[in-house]
Amino acid sequence: MATGTFESVAPATGEVLGSFPRSSAADVDGAVAKAKAAFEDWRLVPAPERGNILFRFAELLRAHKDELADLMTREMGKVKAEAGGDVQEAIDMSYYMGGEGRRLFGHTTPSELRDKFMMSVRMPVGVVGAITPWNFPIAIPSWKLTPALVCGNTVVLKPAEDTPLLADRFVQLLEEAGVPDGVVNVVHGYGEEAGDALVRHPDVPVITFTGSRETGIAVTKAAADLLKHVHLELGGKNAIIVMDDADVDLAVNGIVWSAFGTSGQRCTAASRVIVHRSVYHDLQTKLVAAAERLKLGPGWEDETDVGPLINRAALDKVHSYTEIGKDEGAKLLTGGEAAANEGDGGGGFYYRPTVFGDAQPGMRIAQEEIFGPTTALIPVDSFEEAVAAANSVRYGLSSSIFTRDVNRAFRAMRDLQSGITYVNAGTTGAEVHLPFGGTKETGNGHREAGQAALDVFTEWKSIYVDYSGKLQRAQIDNQERPAAR
Ligand code: ADP
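The structure displayed is predicted, hence computed values, not measured ones.

What is the right way to look at the overall build of the protein chain in this model?
A count of helices and strands for the protein chain gives 14 helices and 21 strands. For 485 residues, the compact-globule formula gives about 23 Å, and the C-alpha radius of gyration of the protein chain, at 25 Å, lands near that figure. When its C-alpha atoms are laid out on the principal axes, the protein chain stretches across 80 × 60 × 40 Å. A buried classification covers 56% of the 485 residues belonging to the protein chain. Pairs at least 24 apart in sequence give 74% of the contacts found in the protein chain among residues at least 6 apart. Looking at the protein chain as shown, the accessible area adds up to about 19900 Å², and 52% of this sits on carbon and sulfur atoms. Distance from the positive charge centre (48 side chains) to the negative charge centre (65 side chains) of the protein chain: 6 Å.

Explain the nonpolar core here, please?
A general trend in soluble globular proteins is that nonpolar side chains are found buried together. The biggest cluster of nonpolar side chains holds 92 residues, and the ones touching the most others in it are Leu149, Leu174, Ile241, Ile274 and Ile365. If we skip the residues at most four places from it in the chain, Leu149 touches Trp42, Arg50, Leu54, Val155, Leu174, Val179, Val183 and Val184. Membership of the second largest hydrophobic core comes to 28 residues, among which are Ala246, Ala259, Val273 and Val355.

Looking at this structure, I do not really get helix 8 (residues 213-224). What am I missing?
It helps to recall that an α-helix has 3.6 residues per turn; residues three or four apart then point in one direction. Here helix 8 is twelve residues long and its end C-alpha atoms lie 16 Å apart, about the 16 Å a rise of 1.5 Å per residue gives. All of the buried residues along helix 8 are Arg213, Gly216, Val219, Ala222 and Ala223. Against the buried residues of helix 8 lie helix 7 (191-200), strand 8 (206-210), strand 9 (229-233) and strand 17 (395-396).

How do you make sense of the pattern of salt bridges when you look at a structure like this?
Pairs may arise between side chains of opposite charge once their charged atoms sit close together. Scanning the model with the defined rule gives 25 salt bridges in all. Between Glu448 and Lys144 there is a salt bridge, with the nearest N and O atoms lying 2.9 Å from each other. Of this pair, Glu448 sits in the loop between strand 20 (439-440) and helix 14 (453-457) while Lys144 sits in helix 5 (residues 139-150), and the two are 304 residues apart along the sequence. Ionic pairing is found between Asp282 and Lys286, a salt bridge with its closest N-O pair at 3.3 Å. With Asp282 and Lys286 both in helix 10 (residues 277-293) and four residues apart, this pair spans about one turn of that helix. A cluster of three or more residues bridged by salt bridges with shared partners is formed by Arg213, Glu214, Arg394 and Glu441.

Got a minute to help me understand the sheet that holds strand 4 (residues 116-124) in this structure?
Strands pair in a sheet through their backbones, by hydrogen bonds, and they do so in one of two ways: parallel or antiparallel. As summarised here, the arrangement of the three strands in space is 3-4-21, forming an open sheet in which the pairing is antiparallel. The open sheet has two edge strands, strand 3 (107-108) and strand 21 (458-466), and neither has a second partner. Pairing of strand 3 with strand 4 involves two bridges; the strand directions are antiparallel. Each bridged residue has a counterpart across the sheet, and for Thr108 the counterpart in strand 4 is Met119.

Can you help me understand the packing of aromatic side chains in this one?
Note on aromatic pairs: each is described by the distance of the centres and the angle between the planes. Inspection of the entire model under this criterion finds six aromatic pairs. Consider the rings of Phe55 and Tyr95, whose centres lie 6.2 Å apart with planes at 35 degrees: the pair is tilted. A residue pair is termed long-range when its members are at least 10 positions apart, and Phe55 in helix 2 (residues 47-63) and Tyr95 in helix 4 (residues 80-100) qualify at 40 residues. Take Phe55: its relative accessible area is 27%, and that puts it in the partly exposed class. The interplanar angle of 80 degrees and the centroid separation of 5.7 Å between the aromatic rings of Trp134 and Phe371 together place this pair among those described as edge-to-face. Placement of Trp134 in the loop between strand 5 (127-131) and helix 5 and of Phe371 in the loop between strand 15 (354-357) and strand 16 (374-380) is noted, with a sequence separation of 237 residues between them.

What am I meant to see in the site of the ligand here?
Around the ligand sit 17 residues in total, of which Thr132, Lys158, Glu161, Ser212 and Thr215 are the nearest. Within the side chain of Thr215, a nitrogen or oxygen atom sits 2.9 Å from an oxygen atom of the ligand. Elements that contribute at least two residues to the shell around the ligand include exactly helix 7, strand 8 and helix 8. Looking at the shell around the ligand, the element that brings in the most residues is helix 7, giving four residues.

Please clarify how the sheet that holds strand 18 (residues 398-402) should be interpreted in this entry.
The strand order across the open sheet built from seven strands is 12-15-16-11-10-18-19, with neighbouring strands paired in mixed fashion. Lying at the two open borders of the sheet, with one neighbouring strand each, are strand 12 (331-334) and strand 19 (420-423). Recorded for the sheet is a direction-independent mean angle of 20 degrees between the axes of neighbouring strands. Its contacts with the sheet put helix 11 (residues 312-328) on strand 12, strand 15 and strand 16, and the angle it makes with strand 15 is roughly 20 degrees. Those strands touched by helix 12 (residues 383-390) are strand 10 (238-242), strand 11 (270-276), strand 16 and strand 18, and its axis lies near 165 degrees from that of strand 11.

Before we go on, may I ask you to explain a nonpolar patch on the surface in this structure?
Together, Val406, Phe410, Met413 and Val423 line one region of the surface with nonpolar side chains, adding up to about 360 Å² of accessible area. In terms of residues, the nonpolar patch owes the most to one element, helix 13 (residues 406-415), which gives three residues. The topology assignment puts Val423 in strand 19.

In this structure, what is going on with helix 7? I would like to understand it.
Inspection of helix 7 places Ala194, Gly195, Ala197, Leu198 and Val199 among the buried residues, and these make up the whole buried set. In this structure, the buried residues of helix 7 make contact with helix 1 (25-42), strand 5, strand 6 (154-158), strand 8 and helix 8.

Looking at this structure, I do not really get the pairing of strand 6. What am I missing?
In the case of a regular strand, side chains alternate between the two sheet surfaces. Among the five residues of strand 6, five are classified as buried, and the element is accordingly described as predominantly covered. Burial along strand 6 is two-sided: Thr154, Val156 and Lys158 facing one way and Val155 and Leu157 facing the other are all buried. In terms of handedness, the path from strand 5 via helix 5 over to strand 6 forms a crossover that is right-handed. Summarising the sheet, strand 6 and strand 7 (residues 184-186) pair through three bridges and their orientation is parallel. Directly across from Val156, in strand 7, lies its bridge partner Asn185.

Explain the environment of Phe6 to me, please; I cannot follow it from the model alone.
Of note, Phe6 is situated in strand 1 (residues 5-9). Ignoring any residue separated from it by four or fewer positions in sequence, one finds Phe6 in contact with Gly18, Ser19, Phe20, Pro21, Arg22, Glu161, Pro164, His188, Gly189 and Tyr190.

Reading the values: the criteria
- Counting of residues starts from 1 at the beginning of each chain's written sequence and follows it residue by residue.
- Reporting in this predicted model follows two pLDDT cut-offs: at least 70 for local features of residues, and 80 or more for side-chain atom pairs to be given and counted; totals over whole chains, interfaces and linings ignore these cut-offs and use all residues.
- Water and hydrogen atoms were dropped before computing side-chain values, which therefore reflect all heavy atoms in the structure.
- Secondary structure elements follow DSSP: runs of H or I no shorter than four residues count as helices, runs of E no shorter than two count as strands, and numbering proceeds from the N terminus.
- Note that the radius of gyration is over C-alpha atoms, with the globule rule given as 2.2 Å times the number of residues to the power 0.38.
- The rule is simple: take the accessible area with a 1.4 Å probe, protein chains only, and divide by the maximum for that residue type; under 20% is buried, over 50% is exposed, in between is partly exposed.
- Contacts are residue-level and defined by heavy atoms, with any inter-residue pair within 4.5 Å sufficient.
- Values of accessible area rely on a 1.4 Å probe in the Shrake-Rupley scheme; residue burial ignores everything except the protein chains shown.
- His is not counted here, nor are the chain ends, while Lys and Arg score as positive and Asp and Glu score as negative.
- To locate a charge, take atom NZ for lysine, CZ for arginine, CG for aspartate or CD for glutamate.
- In plain words, nonpolar cores are sets of buried Ala, Val, Leu, Ile, Met, Phe, Trp, Tyr and Cys residues tied together by side-chain atoms within 4.5 Å.
- What a helix should span is 1.5 Å times the count of its residues minus one.
- Salt-bridge detection follows one rule: a side-chain nitrogen of Lys or Arg within 4 Å of a carboxyl oxygen of Asp or Glu.
- For two strands to be treated as a pair, DSSP must find at least two bridges joining them.
- Any two of the Phe, Tyr and Trp rings considered here, Trp counted by its six-membered ring, make a pair once their centres fall within 6.5 Å; the pair's planes then place it as stacked at under 30 degrees, edge-to-face at over 60, or tilted in between.
- It suffices for a single heavy atom of a residue to lie within 4 Å of a molecule or strand for the residue to be listed as near it.
- Polar contact is defined as a pair of N or O atoms within 3.5 Å, subject to the rule that within protein one atom must be able to donate a hydrogen and the other to accept it, and that residues adjacent in sequence are counted only when both atoms are side-chain atoms.
- Lines fitted to C-alpha atoms define the axes here, with helix axes fitted over just the stretch in contact, and angles between the N-to-C directions of these axes take values from 0 to 180 degrees.
- The patches reported here contain residues having more than 30% relative accessible area and no salt bridge. Joining distances are 9 Å for like charges and 5 Å for nonpolar side chains (Val, Leu, Ile, Met, Phe, Trp, Tyr).
- A clockwise path from the first strand over the helix to the second, with the strands pointing away from the viewer, defines a right-handed crossover.

Structure representation (structure tokens):
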């Protein structure tokens with residue numbers, strides 16, 4: 001049974017919001033056993049009915065949107081408008097996946113033989129182990145659970161230890177929507193305990209994981225012994241390219257939103273800005289001024305632009321990169337220090353929006369994921385140099401280019417090595433009906449959202465029905481055999 005408890009703490013104030021069971025391997029066993037038993041019936045519920053439950057879930061999320069957003073400002077720290085967006089993404093995803101209940105399209109194709117029918121259908125896989133991070137505490141569970149459920153799988157969710165309260169509310173609303181007992185189960189607690197036990201459990205054939213690259217590698221290795229299906233959504237080191245013909249003011253708006261929104265704690269955050277030298281000075285001046293206008297404070301206050309970081313360790317990590325950047329010779333233009341809450345002078349894990357200038361593509365601040373409100377300006381002299389710099393990192397989640405030249409825009413769409421590319425917008429802003437995910441070390445080739453998500457949560461089954469009443473052999477009985485004539 002649970003080996004004690006852990007607390008959820010508000011990053012804006014340090015206030016304790018609740019106490020949760022620190023689940024052990026035995027708790028994971030229990031949750032998986034319930035999910036496995038529930039699978040036997042859930043897989044037989046008609047998919048349109050499963051979809052109807054998701055429609056009801058979407059409606060409940062809508063009804064509770066303000067409450068959830070408010071709780072998110074407290075438990076995770078993001079500002080109110082962004083918290084509302086996080087919940088809205090879950091609403092959109094639930095409607096979208098609810099609709100899949102009436103699609104889940106397979107294929108039919110003609111047979112090479114007479115009187116024979118062929119089709120392929122999507123089958124649920126079984127118990128899905130879903131491991132989620134804290135930065136999109138309602139949206140990311142919805143990306144994983146709604147497709148898993150509509151496809152007929154059951155789930156054990158291990159949410160991040162920083163946002164257990166939101167995860168509990170998410171699951172309560174799913175149950176209220178009509179998800180039967182045992183179909184969705186939660187284990188709380190630490191990654192190395194509950195998370196690892198879930199990844200290794202023999203009755204969990206699918207793991208869907210969003211988190212850091214390092215943990216993603218550990219999860220892949222732990223799942224390999226049982227050849228599990230592993231879906232990974234890992235880090236990013238996303239770049240915005242600003243060309244000499246760009247609308248610089250628009251680019252600055254895009255950079256501020258993408259670099260400092262959610263305090264930079266998004267896997268799609270723009271932590272590099274690659275700027276053509278002819279607009280570099282203008283952009284730098286405007287960006288620094290914009291960063292300095294941002295007001296730090298608790299997410300629930302209307303006038304707050306930037307909330308706190310999630311916890312002390314995050315604050316220390318972000319600051320360590322400021323030191324690294326300075327040591328590497330980049331120029332600290334603004335920020336670079338922890339800050340007090342400017343709303344009421346209280347505590348909390350605040351860090352000033354930070355901009356480095358004169359960075360080189362190979363510097364650590366331009367290569368490693370910082371996951372904070374820090375971005376680095378990299379000057380370049382050409383489009384080709386900009387694309388090469390953008391592609392010079394191990395990650396490949398999102399990218400962006402600001403340009404008014406349609407030829408360059410299309411070349412960028414083709415040549416930027418990322419799963420998502422924006423033209424004349426920042427690096428964030430995915431919608432639920434296109435695939436979401438990255439190339440290179442951002443993942444392992446799978447995608448969430450859109451139709452692509454269904455591939456994670458189903459297996460293709462190919463079915464052949466012979467109604468000829470005789471033995472017909474594919475590849476043999478349908479061949480022209482000139483030699484036999
Ligand atoms: P972050 O840097 O976003 O906290 P992590 O990768 O550490 O990213 O955490 C993401 C999720 O993975 C969390 O729910 C965490 O508890 C879980 N986790 C961490 N380590 C492991 C592990 N070894 N096995 C399974 N899950 C883990």
